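Structural features, examined
Residue-level listing of the chains:
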Amino acid sequence: MHKRFDSAAIEKKWQEIWAEQKLYEVGERDTSKEKEYVLVELPYPSGNLHIGHWHAFAVPDIYVRFLRMSGKQVIYPMGFDAFGLPAENAAIKRNINPREWTESNIEFMKGQLQSMGASFSWDKTASTIDPNYYKWTQWMFTKFFENDLAYRGEAIVNWDPVDNTVIANEQVLADGTSERSGAVVEKKVMPQWMLRITKYADRLIDDLDNLDWPEPIKEAQRRWIGRSEGAEIDFKLSTGDTVTVFTTRPDTLFGATYMVLAPEHALVKQNKDKITNWDTVESYVKEAAKKDEQDRLNDTKEKTGVKLEGITATNPANNEEIPVYIADYVLASYGTGAIMAVPAHDERDGAFANKYNIKTVSVVYPVTGIPQENPEFRESIVAIVHNPKNDLYATINWKDPQKTLFVGGGIDSGESPEQAAVREIREETPCEHLELVSKTTTIEHSYFAHSKNVARKISAIGLLFTLTSSEETAQALEVDEADQFHFEWKDAQTIERELDDELHKTVWNMLVKKEVFTSTGKLMNSGEFNGMDSEEAKEAITKKVGGRMTSTYRMRDWSVGRQRYWGVPIPIVYDPEGKAHVVPEEHLPWLLPEDVDHKPTGEAPLAKSKELKERTEKIFGKGWTPEVETMDAFVDSSWYFLRYIDNQNDSAPVSTEAQKDWMPIDLYFGGAEHTTMHLLYSRFWQKALYDLKLVAHEEPYQRRINRGLILGPDGNKMSKSKGNVIDPDEQVKLVGGDSVKMYLAFMGPYGETANYPWDMGGIAGIRRFLEKVNGLHEHLADTEPESVTKQLHKTIAKLNDDIPVFKFNTAISAMMVFVNLAEKEGLSKESYRTFLTLLAPFATHLSEELWEQAGNTTSIHREPFPEANKELVKDDEVTIGVQINGKHRGEITIAPDASETIALVAAKADAQLAEKLGASEPKKVIYVPGRILNIII
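Residues numbered from 1 in each chain as written. Predicted model: local features only at pLDDT ≥ 70, side-chain atom pairs only at ≥ 80, totals over all residues. Heavy atoms only, no water.

The subject of this paragraph is the overall build of the chain. Counting its regular elements, the chain contains 32 helices and 38 strands. Relative to its full complement of 937 residues, the chain shows a buried share of 53%. Relative to all contacts within the chain whose residues are 6 or more apart in sequence, the contacts with residues 24 or more apart total 74%. Of the accessible surface of the chain, which amounts to about 42,100 Å², a share of 48% is contributed by carbon and sulfur atoms. Across the chain, 109 positive and 146 negative side-chain charges occur, with their mean positions spaced 2 Å apart. (Helix = DSSP H or I, 4+ residues; strand = E, 2+ residues; numbered from the N terminus. Buried < 20%, exposed > 50% of the residue type's maximum accessible area, 1.4 Å probe, protein only. Contact = heavy atoms within 4.5 Å. Areas by Shrake-Rupley, 256 points an atom, 1.4 Å probe, with all protein chains shown as cover. Lys, Arg positive; Asp, Glu negative; His and termini not counted. Charge placed at Lys NZ, Arg CZ, Asp CG, Glu CD.)

The next subject is the nonpolar core. Formed by 164 residues in total, the largest nonpolar core has its most connected members in Tyr-37, Trp-558, Phe-769, Phe-808, Phe-835 and Phe-842. The biggest single contributor to this core is helix H27 (residues 808-825), with ten residues. Contact partners of Tyr-37, with chain neighbours within four places excluded, come to Ile-75, Pro-77, Phe-641, Tyr-644, Ile-645, Trp-662, Met-663, Pro-664, Ile-665, Asp-666 and Leu-667. By size, the runner-up hydrophobic cluster in this structure holds 48 residues, among which are Phe-235, Ile-322, Ala-353 and Leu-523. (Core = buried A, V, L, I, M, F, W, Y, C linked by side-chain atoms within 4.5 Å.)

In this section: the sheet that holds strand E26 (residues 580-582). One open sheet accounts for three strands, arranged E26-E25-E27; its pairing is antiparallel. Two strands close off the open sheet at either side, each with one partner strand: E26 and strand E27 (625-626). Bridge analysis of strand E25 (residues 572-574) against E27 gives two bridges, and the strand direction is antiparallel. Note that in E27 the partner of Tyr-574 across the bridge is Thr-625. On top of the sheet, helix H6 (residues 131-146) reaches E25 and E26; it is set at about 130° to E26, its chief contact. (Pairing = 2+ DSSP bridges. Axes fitted to C-alpha atoms, helices over the stretch in contact; angles between N-to-C directions.)

Relative to each other, helix H23 (residues 728-735) and helix H24 (residues 737-746) sit at 115°, their axes nearing to 7 Å. Facing H23, whose interface residues are Gln-731, Val-732 and Val-735, H24 presents Gly-737, Ser-739 and Val-740. Among the residues forming the contact of H23 with H24, the class breakdown is three nonpolar, three polar and no charged. (Nonpolar A, V, L, I, M, F, W, Y, C, P; charged D, E, K, R; others polar.)

Summed over all chains, the structure comprises 57 salt bridges. The residue Lys-13 makes a salt bridge to Glu-849 at a minimum N-O spacing of 3.0 Å. Here Lys-13, found in helix H1 (residues 7-21), pairs with Glu-849, found in helix H29 (residues 844-853); they are 836 residues apart in sequence, far enough to count as distant. Among the residues examined, Glu-849 registers a relative accessible area of 11% and is labelled buried. A salt bridge links Asp-234 to Arg-548, with the shortest nitrogen-to-oxygen separation between them at 3.1 Å. Of this pair, Asp-234 sits in strand E6 (residues 228-237) while Arg-548 sits in strand E22 (residues 548-552), placing them 314 residues apart in sequence. Given a relative accessible area of 29%, Asp-234 falls into the partly exposed group. (Salt bridge = Lys/Arg side-chain N within 4 Å of Asp/Glu carboxyl O.)

On the secondary structure map, Ile-902 appears in helix H31 (residues 900-909). Residue classification places Ile-902 among the partly exposed positions, given a relative accessible area of 48%. Taking C-alpha positions, Ile-902 is 17 Å from Asp-875, a pair spaced 27 residues apart along the chain.

This part covers the packing of aromatic side chains. Evaluation of the coordinates by the stated rule reveals 43 aromatic pairs. Pairing Tyr-200 with Phe-684 gives two aromatic rings, centres 5.4 Å apart and planes at 70°, and the pair type is edge-to-face. Taken together, the residues Tyr-200 in the loop between strand E5 (186-195) and helix H7 (201-206) and Phe-684 in helix H22 (residues 678-691) connect sequence positions 484 residues apart. As far as burial versus exposure is concerned, Tyr-200 and Phe-684 are alike and both buried. Measuring from ring centre to ring centre gives 6.3 Å for Trp-558 and Phe-684, while their planes differ by 75°; the resulting arrangement is edge-to-face. (Phe/Tyr/Trp six-rings, centres within 6.5 Å; stacked < 30°, edge-to-face > 60°.)

With that out of the way, let us pick up H29. Along H29, eight of the ten residues are buried, which leaves the element largely enclosed by surrounding structure. Inspection of H29 places Thr-844, His-845, Leu-846, Ser-847, Glu-848, Glu-849, Leu-850 and Trp-851 among the buried residues, and these make up the whole buried set. The inward-facing, buried residues of H29 contact H1, helix H3 (60-69), helix H5 (98-115), H24, helix H25 (760-774) and helix H28 (829-839).

What follows concerns the sheet that holds strand E4 (residues 165-167). Pairing is antiparallel in the open sheet, where four strands are placed in the order E4-E3-E5-E23. The open sheet has two edge strands, E4 and strand E23 (558-559), and neither has a second partner. Relative to E23, E5 runs antiparallel, the two being bridged by two bridges. Counted as the bridge partner of Met-194 is Ser-559 from E23.

Take Ser-831: it is sitting in helix H28. In this structure Ser-831 comes out as buried when scored by relative accessible area, which is 6%. A polar side-chain atom of Ser-831 sits 2.7 Å from a polar atom in the side chain of Glu-784. Every residue in contact with Ser-831, bar those within four places of it in the chain, is listed here: Glu-784 and Leu-792. (Polar contact = N/O pair within 3.5 Å; in protein donor to acceptor, adjacent residues only side chain to side chain.)

Of all ten residues in helix H16 (residues 502-511), seven are buried, a share of seventy percent or more. Considered for burial, the residues of H16 that qualify are Leu-503, His-504, Thr-506, Val-507, Trp-508, Asn-509 and Leu-511. Its side-chain oxygen at 3.1 Å from the backbone nitrogen of Leu-503, Asp-501 defines the N-terminal cap of H16.

Structure representation (structure tokens):
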């Protein structure tokens, strides 16, 4: 029976009581309990919580409360990532100080967070704009500077012309616009404060293996870091310069027939006087500078470039002179900004070479099949015949086993591959009039010929012929061959579907699909390295030409300097000679000055601060000047989890004792959008601190779970312009915070990055369920049916299974099933009490209210979470399906652990099943206890 309740009054009442009792404060570490550090991402105080915040913070609270009720000491902290451009831009718009806007938002947001009823550990909190917080951000930066992890460099940076600041690569969208402002990002060469994240590239990749993270998150980080293993090889230019290229395929060096430099490469402009077509080159360089990196790297776009007339390079492997081009598909920021181009074994290089008529030399041939012991060697051909009039291909179709192949056979003594192919075609097909179109390089193939009972290794050549006349001459096949296969014309789609022989598929891909062979194999046309396995040849060839085996990375060093006001001042000052020095610890925090007009002009706002200049000269002396850039806000959020656990420490960012108590983080809930930004940066920060012996753990997060996205009711991403935004405050007013939280948990498994559309009917259904719970006490009885007791313990078992794996939706479904049964059949006071403790992590306020109404004086959230009686969870009988010859024919009811014999007896005792079984004895029985019985007759 539904019984309405005043959710607003109940929730306000209990939120005030919990705050007064400090129910969720962690306090000191209780070593008698196992610890659990559950972290949610540091929110930005935008001024209004959206439904995504509820999904991010309220749903994980179910897991946190379950852990506490299960006897663990849990820290579930909350804080504010309060520096950054959005606050500054909002303050400029309102003509107020960013601190005023931010602090008012924090207070408002705290009230909204409280409305969730989430059990945040507010005694463990931090705000990045608190000087006692950013003092330690600055202190760590000084340690990085002293250990050459922070440095002042010059780099091509992403300049946002609207926000007038540098932004990181990760903040540039695929279309070349700024993630924050939407402006088209410009490329500028500027002096920059950088952090050496690339020094940690290998560890950031390799250490992922030991983390309990979903594989897609790990793979996203691997791709972003973009490690490529290969070699650096030096090429001499005709100008006397040396160009170093990075290649992942040094084994193909003998096939390098041209070189490509990035348009921005320093040697292009440096050799301007020696380039005879400089005007054309200069024009191309200017056009390339207008394109963003994503556009230049687009594989689907036609490649363009310009030959540097008057300049050549020498291939160090064979001393051959090769042309030099510039092309925008080569980036100055990746590798060395120069590549050796091998058109025979790289699709991009091949397309470029075809366009500009550059020589192609194959230097690697395929090796297919399975190596055999003591194989018999022979030279062979694989021939494909194409009929252009109907676009069909000649195939040989073996009868046993059914197999589609092309014409093939050995090369007789004195024959060329072409002659052998024509002979075999005429012997095995009705094709007579042939013209050779193309052929492959050698392909080495090993296999066991079962029909001949012999192991073979063949050196095969693939040949493609076109039929020059539709006139076909029928050839009589040899008797033994006629019995084994028949000839048939087939289209390309059918061949693609049916062809599974590795050798013939390789020939098809090379000749018909015209795929460039990019895999490894064995070397040819490579001098002394001919016949060598290409993997072995990588190091051998690199050594011969004086190269160096190395790795390169897509990821660049982290640019952290920002030309804006609302951020952490970089704690660096410059002496009169311009040399950088750290601000000593006794002068930290190096406070953000207040006397600043922070409207963006292109000049860093801190450069306008009189107070900052005077402070610097007063402390350091006449002629000393301050750094006027502030830090990227991603720096602030790279270590906040450490401050949470020791937020009152005045002598260090975090103590060793606090780290021993709480670190590492056991579980980190977050959003997929931070996978290659915050997650990567904070892992780097932790590793850098670990190397400096400032933290005890090399990885901060043992486990990471990404949540899905809540869509608007129309199934689209929520947007004010689309009018589909769900305001959680309005929903709380309508149905209460418990209903909002439970509906978000009910939408689907948490931790699966699916997208869930908001359904007003769905949230109304959750509210009706809670109204049923509110009326459940009216169904209390002195005793209850056994069916209710059993269902309660099944529900307990279900929640104990589902909550730890974040299947909150199925846990809620199980509680709904129980409530429906209890309404019909009644329940005891003890079962009612037990059920309320099951509900407590989900409907935090209502369960507490009903708990008090039932006569309890302590909080339900301090109660232990129930454990199921295993005997009561077991079913006395189960109904299972019965199949006969794989078709469902009926059902039987037996004990869940009944034997196969008993199951068969029960099936034969059923009149309908007995009729279908007849007198036949089963040939086979497939029986899964408690699940299914399949009888084969």
